[in-house]
Every structure is written in structure tokens, then in C-alpha cells.
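# Reading the structure
Okay, here's what each chain looks like letter by letter:
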Amino acid sequence: MAAPAPVKVYGPPLSTAVARVLATLLEKNVQFQLLPVNMAKGEHKKPEYLKIQPFGQVPAFEDESITLFESRAISKYVCDKYANQGNKGLFGTNPLEKASIDQWLEAEGQNFHPPSSVLVFQLAFAPRMKIKQDENLIKLNEAKLAKVLDVYERRLGESRYLAGDEFTLADLSHLPNTQYLVNGTTVAELFTSRKNVERWWDEISSRESWKEVVEMQRSPPSRNE
Ligand SMILES: N[C@@H](CCC(=O)N[C@@H](CS)C(=O)NCC(=O)O)C(=O)O
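These numbers were taken from a predicted model, which means no experiment stands behind them.

### Notes on the UniProt feature "domain: GST N-terminal" (unreviewed entry) in the protein chain
Using the residue numbers shown here, the UniProt feature "domain: GST N-terminal" (unreviewed entry) corresponds to residues 5-86. As a span, residues 5-86 carries 33% helix and 20% strand, and end to end its C-alpha atoms are 17 Å apart.

Here you go:
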């Protein structure tokens, strides 16, 4: 039987949402093709692209005849469709495991992402883009993120990973924003000063899948250009 065609991911690996999908595909050992979207030139707002991502954001995703957007939804789809390959427990193997993973995925999306994404923009992207940083916004979101991480610190004192004893999509989903924040920003200490969070970060960021994504962010491999 012929190998299935690679799935397609549109967008740059430097985007946190694209990086989330790439990490999932690598964990699941799914062949993919990364297609460039030149955001500086506004390609993500062009009518052709809006057909697959109506909000004009990255990533967009194609598998056979279906197109999807929203990185967390794409990641869950990849886990379910490719359930029998790669990391088989990434999105759980029974309703209870899935519910626990989904709960922490929601916590990532609803509690962790809002303050952490503001900080990623302000501390990592604004300087590169020569945009003035907003000190008040940084302080406000640092305080919000600290409260979220207090909850994580307690949880990670009870279990090795967020949803239990195994690395899952819930942990993976935190990798892209945290990577930017722990590397050379003033809020790295929010993570490193909490011993369970720091231990968790060291473990999840050492996964081969994530190291490969970070490598792609440094220099996109030609096979994916
Ligand atoms: N909730 C969406 C967020 C996507 C998103 O915010 N993408 C950013 C890059 S990380 C983007 O496309 N920004 C450009 C824009 O909004 O115009 C997801 O997880 O896929």
C-alpha cells in the first residue's frame, strides 16, 4: 500500500501556534510538508489563504480533502487520526484520560495563554520588530502569569506531568510560549523559581520532538521550505 500523502502545515515555525502543530506531528511521527506564508508581505490576509484560514492567521492545515485551523484543534485531530502511530498516549487512550488532558489543554488556552502570549509579544517580538514595549502591560501580565504558575506548581507537586504520569498534549501545548519566555527574557524566573514548574519545563523541553521544532525555528530545514 502506498504511503499516505504528507499533511500540509502553512506558516512559519517561529509562530507559537505553528510550533504547537509541528511538535504534535513530530511526536506522532506524521509526515508533513511545511509551506511558507510570508506574513511580512501580508500573504495570510490574501483571499486565497482566507479560504483555508478565514481569520487570516497561521497555521492552516490540510490533510487529504479536509482543511483545519486553530492549532489545538489541529493537534487533537492529528492525535485521533493517527492514534496508532508515534506517541500513542499523547491525547489519551480512554475517555477519562482524554478528559483530563482536555481539562489542562483548556487551562493552557484560557489561563496560561492570555498572559503568556502578551509577554511573548512584548518581551520577545517587540524588541525584534523595534516596537516600544508597554511596561504596564508587562507588569500586569507578569502578575497574572505568576498566579497561573502557582496553580501549576501545586499540580506538578502531585503529578509528574499536568494530566498525570505521562507527557501529553496538555504539556506540549505550553512549549511554544514558554520557550520564548525562559530564553533571555526578564520573566524567565517565573518558571525557574518554582521548583516543580522548573523540573517540568526541563523534562518537556528536552523531548526530541521539541528540540527539532527549536532547530526549525533557528534555521528552517530545506525539506520544509
Ligand atoms: N488560536 C489560534 C491563534 C493563531 C494566531 O494567533 N496566530 C498568529 C501567529 S502565532 C497570527 O497568525 N498572527 C497574525 C495575525 O493575527 O494577523 C491558533 O491557536 O491557531
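That was the structure; now back to the text.
### A few points about a nonpolar patch on the surface
Together, Phe121, Met129 and Ile131 make up a nonpolar patch on the protein surface, roughly 260 Å² of accessible area in all. Looking at the secondary structure, you find Met129 in the loop between helix 4 (95-128) and helix 5 (135-158). Its relative accessible area of 46% is what places Met129 among the partly exposed residues.

### Focus on the environment of Glu135
Assignment of secondary structure puts Glu135 in helix 5. For the pair Glu135 and Pro6, spaced 129 residues apart in the sequence, the C-alpha separation amounts to 44 Å.

### Some points on the site of the ligand
Lining the immediate environment of the ligand, one finds 13 residues, of which Lys45, Gln57, Val58, Glu70 and Ser71 sit closest. Taking Gln57, its side chain carries an N or O atom lying 3.0 Å from an oxygen atom of the ligand. Within the side chain of Glu70, an N or O atom sits 2.7 Å from a nitrogen atom of the ligand. Notes on the ligand: free accessible area 510 Å², of which the protein chains cover 70%. One can see that the ligand is located within the largest pocket. Broken down by secondary-structure element, the contributors of at least two residues to the shell around the ligand are helix 1 (16-27) and helix 3 (71-81).

### Thoughts on the domain arrangement of the protein chain
The domains assigned to the protein chain are domain 1 (7-88) and domain 2 (95-209). Centre-to-centre separation of domain 1 and domain 2, based on C-alpha positions: 21 Å. At the junction of the two partners, domain 1 supplies 14 residues and domain 2 supplies 17 residues. The contact between domain 1 and domain 2 buries some 1300 Å² in all, and 55% of this surface belongs to carbon and sulfur atoms. Together, Thr16, Arg20 and Arg72 form the three largest contributors to the area buried by domain 1 at its contact with domain 2, with a combined 38%. Where domain 1 touches domain 2, the interface holds 5 salt bridges. Between Arg207 and Glu27 there is a salt bridge; the shortest N-O distance is 2.7 Å. Within the residue set of the side of domain 1 that touches domain 2, elements represented by two or more residues are helix 1 and helix 3. Per-class residue counts for the side of domain 1 that touches domain 2 are 5 nonpolar, 4 polar and 5 charged.

### Some thoughts on the environment of Arg155
The topology assignment puts Arg155 in helix 5. Through-space distance from the C-alpha of Arg155 to that of Asn196 is 8.6 Å; in sequence the pair is 41 residues apart. In contact with Arg155, other than residues within four places in its own chain, are Trp104, Tyr161, Leu162, Ala163 and Gly164. Here the side chain of Arg155 touches Leu162 through a polar contact of 2.7 Å, landing on its backbone oxygen.

### A few points about helix 1
Over its 12 residues, helix 1 runs 17 Å from end to end, which matches the ideal 16 Å to within 8%, given 1.5 Å per residue. Along helix 1, the residues classified as buried are Thr16, Ala17, Val18, Ala19, Arg20, Val21, Leu22, Ala23, Thr24, Leu25, Leu26 and Glu27. Sitting at the head of helix 1, Ser15 places a side-chain oxygen 3.3 Å from the backbone nitrogen of Ala17. Phi turns positive, to about 60°, at Asn29, one or two residues after helix 1.

The rules behind these values
Residues numbered from 1 in each chain as written. Predicted model: local features only at pLDDT ≥ 70, side-chain atom pairs only at ≥ 80, totals over all residues. Heavy atoms only, no water. UniProt positions renumbered as here; feature names shortened; annotations may be inferred. Helix = DSSP H or I, 4+ residues; strand = E, 2+ residues; numbered from the N terminus. Patch = residues over 30% accessible without salt bridge, like charges linked within 9 Å, V, L, I, M, F, W, Y side chains within 5 Å. Areas by Shrake-Rupley, 256 points an atom, 1.4 Å probe, with all protein chains shown as cover. Salt bridge = Lys/Arg side-chain N within 4 Å of Asp/Glu carboxyl O. Buried < 20%, exposed > 50% of the residue type's maximum accessible area, 1.4 Å probe, protein only. Near = heavy atom within 4 Å. Polar contact = N/O pair within 3.5 Å; in protein donor to acceptor, adjacent residues only side chain to side chain. 1 Å grid on protein atoms, 1.4 Å probe; cavity = no way out; pocket = protein on both sides within 12 Å on 5 of 7 lines; lining within 4 Å. Sits in = over half its atoms within 2 Å of the grid points. Domains from an automatic or database assignment. Contact = heavy atoms within 4.5 Å. Buried area = accessible area lost by both parts, 1.4 Å probe. Nonpolar A, V, L, I, M, F, W, Y, C, P; charged D, E, K, R; others polar. Expected span 1.5 Å × (residues − 1).

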